[in-house]
Amino acid sequence: MPFVQGLRCRECSRPYPAEALHVCEWCFGPLEVVYDYEAIAAVITPERIAAGPQTIWRYADLLPASPLGAVDLGAGFTPLVRADRLAAELGLGELWIKNDTVNPTGSFKDRVVSVALTKARELGFKVASCASTGNLANSVAAHAARAGMHSVVFIPSDLEPAKVIMTSVFGGQVVAVDGSYDDVNRLCAELAGDYQDWAFVNINIRTYYAEGSKTLAYEVAEQLGWHAPDHVVVPVGSGSQLCKIAKGFDELEKVGLIPAGGGPGGAGRVRLSGAQADGCSPVATAFASGADHVRPVKPTTIAKSIAIGNPADGIYALDLVRDSGGAVASASDAEIVEAIGLLARTEGIFAETAAGATIAVLAKLAASGVIRPDEQVVAYVTGNGLKTLDAVAPGCGPTITIPPSMEAFVAAGLKGFDQ
Ligand SMILES: *Cc1c(COP(=O)(O)O)cnc(C)c1O
Ligand SMILES: [Zn+2]
């Protein structure tokens, strides 16, 4: 990656080399990857990107690891779908769904993990690890298998069964911890101090890992014909994804791929809105109360993949949302289930609970006028519904059950359906 200049503290701007570092020794601020944007601008073009693979690695110039050694299951370049039927239901105009349910392990986490494990291998790590709310565990176990690395993933013991099975099938170690995600994360942060030859993707490799989410912005801009949308709606767990989507649009402007100067289609005009669940809404609560800090909470929600009570990037996400003129709101578990059904019935996309929160919040912000009908809107649908079947199972099943005969079918009489 010839364009990486090093790392820099997000708080005090002190520089660091591009090694397995994640916090500033001076102020304990998080570190960030620094690129030579002038050099990137000199080579990057839409044609160069289009000639690349149909994965996140088409944007390798803007990623912190070499595509030559990519740990790649094909993450990214997922469909951006025009959602006219959903837009009509919500009173919106031009609405698009970024359908990240179709990634290799069924969530956007494949983007961040592909980048993290590629970098981990470059740095010489042999063991891949993580603290996970579920989807990250799936993705780390799968990518480690692909790379021939060992994996040891840590999850809260009350996760959805599908996420546990889908992690263990890849043959790594799965450590279930009796506690919340925040307990798991604290444990892993301690372990990372002792197990220094393990790549904890969202702890000691976090600086690189988080960069993978920028591709959510790059792809949307490319798929819209190289401009940024007016408004994006993003689920907020740790807040990393939202921050990196903003960074992604900024970078595209810096390297000349989308319009600059504050006009339409440029990065400065993108309004960012965040979605949480009522049962874990520390960022939405801070937004609503005008607070300048995010107070940790104890999560209780079916949207387990965003159930992070003490979000590492919460304050950064809050600032970005406020500066952009967006909002952070939350939805109840019932609203989440309803929104999963609405997206499925209107657009044929089956999403998990975190995405249900995103669609429910999209609906609320449309109703309250924060998201306007004259805006081009993109909602990020980040995970697959097959992993959270339990959430929707109570309202789903056969319409009728009949013996195998014509008479029985006709006699049963399907209701609400004109033949
Ligand atoms: C992890 C996750 C999120 C939240 O991403 P953050 O970067 O932690 O904010 C959203 N949706 C799904 C499906 C996830 O797995
Ligand atoms: Zn610092």
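Here the structure is shown first, and the text comes after it.
Summarised in this report is the structure supplied together with it. (Residues numbered from 1 in each chain as written. Chains lettered and ligands numbered in written order. Predicted model: local features only at pLDDT ≥ 70, side-chain atom pairs only at ≥ 80, totals over all residues. Heavy atoms only, no water.)

Moving on: the site of ligand 1. The environment of ligand 1 is made up of 16 residues, and the closest members are K109, N135, G237, S238 and T382. In the environment of ligand 1, an oxygen atom lies 2.7 Å from a nitrogen or oxygen atom belonging to the side chain of K109. Here ligand 1, which alone exposes 380 Å², has 96% of that area covered by the protein. Here the residues of the shell around ligand 1 sort into five nonpolar, nine polar and two charged. (Near = heavy atom within 4 Å. Polar contact = N/O pair within 3.5 Å; in protein donor to acceptor, adjacent residues only side chain to side chain. Areas by Shrake-Rupley, 256 points an atom, 1.4 Å probe, with all protein chains shown as cover. Nonpolar A, V, L, I, M, F, W, Y, C, P; charged D, E, K, R; others polar.)

As a further point, take the coordination of the zinc ion (ligand 2). Donor atoms from the polypeptide that bind the zinc ion (ligand 2) are C9 (SG), C12 (SG), C24 (SG) and C27 (SG), placed at 2.3 Å. Note that the zinc ion (ligand 2) binds four donor atoms; their angles at the metal cover 97 to 119°, and the shape is tetrahedral. All donor residues of the zinc ion (ligand 2) come from one chain, and their arrangement in sequence is C-x2-C-x11-C-x2-C. Pair noted here: C9 is in strand β1 (residues 4–9) and C24 is in the loop between β2 (15–16) and β3 (31–35), with a separation of 15 residues, a long-range link. (Donors = N, O, S within 2.8 Å, 3.2 Å for Na, K, Ca; no water. Tetrahedral: all angles 85-135°; square planar, octahedral: opposite > 155°, others 65-115°. Helix = DSSP H or I, 4+ residues; strand = E, 2+ residues; numbered from the N terminus.)

It is worth spelling out the pattern of salt bridges at this point. By the definition in use, this model includes 23 salt bridges. In this structure, E32 engages K244 in a salt bridge whose closest nitrogen and oxygen atoms are separated by 3.2 Å. Taken together, the positions of E32 in strand β3 and K244 in helix α10 (residues 240–254) put the pair 212 residues apart, joining distant regions of the chain. A relative accessible area of 18% means that E32 is categorised as buried. The salt bridge involving K214 is made with E251; its shortest N-O contact spans 3.0 Å. (Salt bridge = Lys/Arg side-chain N within 4 Å of Asp/Glu carboxyl O. Buried < 20%, exposed > 50% of the residue type's maximum accessible area, 1.4 Å probe, protein only.)

Turning our attention to the packing of helix α9 (residues 215–223) against α10. For the pair α9 and α10, the least separation of the axes is 7 Å and the interaxial angle reads 50°. Comparing the axis directions of α9 and α10 gives the class oblique. The handedness of the crossing between α9 and α10 is right-handed. Here α9 contributes L216, A217, Y218, V220 and A221 to the contact with α10, which in turn contributes Q241, I245, G248, F249, E251 and L252. Its residues assigned to classes, the contact of α9 with α10 shows eight nonpolar, two polar and one charged. (Axes fitted to C-alpha atoms, helices over the stretch in contact; angles between N-to-C directions. Parallel < 35°, antiparallel > 145°, perpendicular 65-115°, else oblique. Left-handed = near helix turned anticlockwise from the far one by under 90°. Contact = heavy atoms within 4.5 Å.)

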